[in-house]
Amino acid sequence: MRRLALAGVLIALAGSAAAGSATGPPPAGLVPAHTGAALYAANCSSCHGPHGEGISPPARPGVGDLGGLGPSLADAGALAADFYLRTGYMPLRSPDVQPSRSQVLFSQPDLRRLVTYVAGLGHGPAIPHPDPASGTVSQGLQLFTDHCAGCHQVAAEGGYVTGARVPPLQQATDREIAEAVRIGPYVMPAFSARAISNAQLDSLIRYLDYARHPDDPGGWAIGRIGPVPEGLVAWLIAGSVLLLGCLAVSRRARFDRSRS
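Residues numbered from 1 in each chain as written. Predicted model: local features only at pLDDT ≥ 70, side-chain atom pairs only at ≥ 80, totals over all residues. Heavy atoms only, no water.

Draft legend 1. The packing of helix α8 (residues 174-183) against helix α9 (residues 198-212), seen in detail. Contact pair α8 / α9: the axes reach a minimum separation of 10 Å and the direction vectors enclose 130°. By the angle between their directions, the pair α8 and α9 is classed as oblique. Where α8 crosses over α9, the two elements pack in a sense that is right-handed. Across the interface between the two elements, D174, I177, A178, V181 and R182 of α8 pack against N198, L201, L204, I205, L208, D209 and R212 of α9. Tallied by class, the residues present in the contact of α8 with α9 amount to 7 nonpolar, 1 polar and 4 charged. (Axes fitted to C-alpha atoms, helices over the stretch in contact; angles between N-to-C directions. Helix = DSSP H or I, 4+ residues; strand = E, 2+ residues; numbered from the N terminus. Parallel < 35°, antiparallel > 145°, perpendicular 65-115°, else oblique. Left-handed = near helix turned anticlockwise from the far one by under 90°. Contact = heavy atoms within 4.5 Å. Nonpolar A, V, L, I, M, F, W, Y, C, P; charged D, E, K, R; others polar.)

Below is the structure:
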């Protein structure tokens, strides 16, 4: 429930992103502003409260006709605000829709202003600054296999789990990966520094950077979409060879019988 609540933290908050868009007017229901406080007051407070305290059911109409239901932002911090807004996970069409990567509606200056303002509402975590160059690919592979590959596949191509789509990680930046590991967006579990240390996180990110453009020393990568299609192709090739071999043996046996 905590992760689902966090996913809804920025539903209305992200709506203000369009105010700083470089092209076109802001969508209906969004109000442009020039400071973090003004952006929040104009576009976010109707769902998250004037002081970021959140609004509980029953919900009232909020920004962009979304239900005025938003959790507290006191513990969201700069980390959660930065992640959800930079990935375009917010705004959502509905609080019941799974967040997914989409166009980022904030201009960079407005994004920084609003993230800074949200960070000042409480004592949430700061934006991480990973250093994958200090990690190792081998340790990162082991960590990813242990904690992530069950959902994302070992090649980080994404997939499906019960009730959710698992996104591919090819577009994720190093900072976004570090943020996601710490907050656990949507149904993804959050990993504390005790579960995955910052040094281990550097290695995990280094492996994901490598996985975007692996060496493929084994030959045909088959789109790098995981072991299942690789297994199917192997069975298809092996099965075809076995079938052709059986047909050849059968024909030779019939030929030998016809001559005897």
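Draft legend 2. Just the pattern of salt bridges, in detail. The final tally for this structure, using the stated rule, is 5 salt bridges. D82 serves as the salt-bridge partner of R86, at 2.5 Å between the closest nitrogen and oxygen. One end of the pair is R86 and the other is D82, both in helix α4 (residues 77-86) and 4 residues apart, which spans about a single turn. The shortest N-O distance in the salt bridge between D82 and R175 comes to 3.4 Å. Of the two residues, D82 is situated in helix α4 and R175 in helix α8; the sequence distance between them amounts to 93 residues. Judged by relative accessible area, which is 26%, R175 ranks as partly exposed. A single network of salt bridges, built from pairs that share partners, joins D82, R86 and R175. (Salt bridge = Lys/Arg side-chain N within 4 Å of Asp/Glu carboxyl O. Buried < 20%, exposed > 50% of the residue type's maximum accessible area, 1.4 Å probe, protein only.)

Draft legend 3. Fine view of α8. Counting buried positions along α8 yields 8 of 10 residues, so the element is predominantly enclosed. Those residues of α8 lying buried are E176, I177, A178, E179, A180, V181, R182 and I183. A positive phi of about 65° marks G184, the residue just after α8.

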